[in-house]
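Residues per chain, in single letters:
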Amino acid sequence: MKAAPFAYVRPTRLQDAVTELGSAQHGGGKVIAGGQSLVPVLAMRLGRPSTLVDITRVEELTHMTVDDQCLRVAAAVRQRRVQREASQLVPLLGLALPWVGHREIRSRGTVCGSLAHADPSAEMPAVAMSLNATVEVTGPNGRRQVSAADFFTGAMATVTEPTEIVTSVSFPIASSDEGYGFAEIARRHGDYAIAGVAARVRSTSGAVVEAPITSFGVSDKPQLRDMSGALQRAVDSLGDPAAPTSEITNALEEPAHAMAEDVVTTAGDSHGSTAYRKRLVRVLAARELARAYRSSLKGA
Ligand SMILES: Cc1cc2nc3c(=O)[nH]c(=O)nc-3n(C[C@H](O)[C@H](O)[C@H](O)COP(=O)(O)OP(=O)(O)OC[C@H]3O[C@@H](n4cnc5c(N)ncnc54)[C@H](O)[C@@H]3O)c2cc1C
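Residues numbered from 1 in each chain as written. Predicted model: local features only at pLDDT ≥ 70, side-chain atom pairs only at ≥ 80, totals over all residues. Heavy atoms only, no water.

Where an unreviewed UniProt entry is consulted, the chain appears under the name Xanthine dehydrogenase family protein subunit M, with the organism given as Brevibacterium permense.

Colleague: Which parts of the structure should I look at to understand helix α7 (residues 123-130)?
Modeller: Among the eight residues in α7, eight count as buried, and that is most of the element. If you check which residues of α7 are buried, you get E123, M124, P125, A126, V127, A128, M129 and S130. In the segment just after α7, N132 is the residue with positive phi, at about 55°. (Buried < 20%, exposed > 50% of the residue type's maximum accessible area, 1.4 Å probe, protein only. Helix = DSSP H or I, 4+ residues; strand = E, 2+ residues; numbered from the N terminus.)

Colleague: I'm lost on unusual backbone geometry in this one. Help?
Modeller: Leave glycine aside and you will find that most residues have negative phi; peptide bonds, for their part, are mostly trans. One non-glycine residue, A118, lies in positive phi territory at about 55°. When you line up the elements, A118 lands in the loop between α6 (111-117) and α7. With relative accessibility at 4%, the residue A118 sits in the buried group. Positive phi outside glycine occurs at S205, with the angle close to 45°. Considering the arrangement of structural elements, one finds S205 in the loop between β12 (195-204) and β13 (207-210). S205 gets classed as exposed once you look at its relative accessible area, which sits at 70%.

Colleague: Would you explain the sheet that holds strand β2 (residues 29-32) in this entry?
Modeller: Adjacent strands of a sheet form backbone hydrogen bonds with each other and so pair up, either parallel or antiparallel. On the basis of which strands lie adjacent, the open sheet formed by three strands has the order β1-β3-β2 and parallel pairing. Because the sheet does not close on itself, it has two edges, and the strands there are β1 (7-9) and β2. Neighbour-to-neighbour, the strand axes of this sheet turn through a mean angle of 25°, independent of strand direction. Bridging between β2 and strand β3 (residues 51-54) involves four bridges; their strand directions are parallel. If you follow K30 over to β3, its bridge partner there is L52. (Pairing = 2+ DSSP bridges. Axes fitted to C-alpha atoms, helices over the stretch in contact; angles between N-to-C directions.)

Colleague: Please explain the sheet that holds strand β7 (residues 142-147) as it appears in this structure.
Modeller: Strand order in the open sheet formed by five strands is β4-β5-β10-β6-β7, and the pairing between neighbours is antiparallel. Single-partner strands in this sheet number two, and they are β4 (64-67) and β7. Taking each pair of neighbouring strands and ignoring which way they run, the sheet shows an average axis angle of 25°. The pairing of strand β6 (residues 134-139) with β7 spans six bridges and is classified as antiparallel. When the sheet's bridge partners are listed, E136 is paired in β7 with Q145. Sheet strands touched by helix α1 (residues 14-23): β6, β7 and β10 (165-172). Its angle to β10, the strand with the most contacts, is close to 130°. Where helix α3 (residues 79-86) meets the sheet, it contacts β4 and β5 (70-74), and its direction lies at approximately 45° from that of β4. (Contact = heavy atoms within 4.5 Å.)

Take a look at the structure:
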């Protein structure tokens, strides 16, 4: 099938992109960034935008910068560039990006496009939530900042208006008292996850300060939970803050089970039943939290 006809514009200034999006016929404008999700949608005629506004030539959207202890990734920056250049600054991105499709897809796909697309099984929304990232959105009324936790409203749905562009996402730079864990299960490498988790732990002298974990592929949007209390209790029960990862994983079994029961709401599908997804989240969450905790100790 071929895409329905559409107009195509490729402005070089952000203001012009916003204007083009706002003036598209019948509000039918759509941003195109990497095109890795949008083009299949067009080809299958699941969407029929009147105008595509290509933002990849907007100069101010091509930068990746570090300021205020944050890595700011603008909207035209490709996933592969972030993977190559920013994995040390934001290690959770480095752990998660290899799971996003294949290299060829990451060479065109953008991090902001992945957030804007808001697929419930996508990796970048979960990473953004665990890192407490900030999404910048620009529209006819100017710019606004939205925390990643508030950005996703449902399956393929975000707080952005049709006339707004996601202009950047800012991830806090890693601190030495943080550790990370990321894992997912997919049918084949490069497929969207059946279920996955992204964990971050901050600890001081073995005491857990923060332990957010985000599950994805299990609900209409990524599910963020605070596991600091459960993790602290698990570590205390072992009587040794530096206990091996496997022992901490076992001690986390019960709270991970409770979390999985809470976060997995997706009905079963051809990829796996609800019970299977709960099992995946339980196993992955316990293991990745334990890993994140252990790696947070290294900086102490
Ligand atoms: C075979 C295949 C496998 C894939 N596997 C995975 C996977 O495992 N995990 C994963 O996360 N993704 C996967 N993807 C999708 C890929 O990561 C996309 O790159 C990503 O979802 C969207 O980024 P994009 O820049 O290509 O956006 P586009 O395709 O250009 O746009 C996607 C949607 O977001 C909107 N949009 C894009 N940028 C903006 C913006 N700045 N502001 C407002 N709206 C915007 C568009 O209007 C459109 O609705 C896969 C894709 C393919 C083809």
